[in-house]
Amino acid sequence: MSDVKVVNIKFDMPDSDDAIRRVTYNIRNSKVLGTRAIKFIHGYGSTGAGGVIRVKTRRYLSEQKHKGYIKDYITGENFSIFDEATRRALNLCPELRNDPDLDRHNNGITIVIL
């Protein structure tokens, strides 16, 4: 089993509430299965919606981190070997080193560390 799960929460352009439900489900499910990290693909708002899913997802993840339900999250634009949080994540989950978005500054993704 992979230590990293990739989840495209925007594949069918859900509203932001449905997207957050998908995030919640995948975090809970992944924790039970022992997954160490989840890469959420939420897009960056290029369709004119202003990135509502991205903004709400990150706000939700911030709340989950504050509550201690997730260890951390890394925005795609900060997912770089030069970022301290990324280096900590790479130590916890070395498989993230193979992610094609590492060092690409992709604001359409967010990495969650469980």
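Please refer to the structure placed before this passage.
Residues numbered from 1 in each chain as written. Predicted model: local features only at pLDDT ≥ 70, side-chain atom pairs only at ≥ 80, totals over all residues. Heavy atoms only, no water.

Caption draft 1: Broad picture of unusual backbone geometry. A positive phi is found at Met 13, a non-glycine position, where the angle reads about 55°. Mapped onto the secondary structure, Met 13 falls in the loop between β1 (4-8) and α1 (16-33). For Asp 103, which is not glycine, the phi torsion reads 70° and is therefore positive. Mapped onto the elements of the fold, Asp 103 is located in the loop between α3 (84-92) and β4 (109-113). (Helix = DSSP H or I, 4+ residues; strand = E, 2+ residues; numbered from the N terminus.)

Caption draft 2: Geometry of the pattern of salt bridges. Evaluated as defined, the whole model comprises 11 salt bridges. Lys 39 is the salt-bridge partner of Asp 101, the closest N and O atoms lying 2.5 Å from each other. With a gap of 62 residues between them, Asp 101 in the loop between α3 and β4 and Lys 39 in strand β2 (residues 37-41) connect regions that are remote in the sequence. The exposure class of Lys 39 is buried, given its relative accessible area of 6%. A salt bridge links Glu 84 to Arg 87, with the shortest nitrogen-to-oxygen separation between them at 2.6 Å. (Salt bridge = Lys/Arg side-chain N within 4 Å of Asp/Glu carboxyl O. Buried < 20%, exposed > 50% of the residue type's maximum accessible area, 1.4 Å probe, protein only.)

What is shown is where atoms sit, not what they do.
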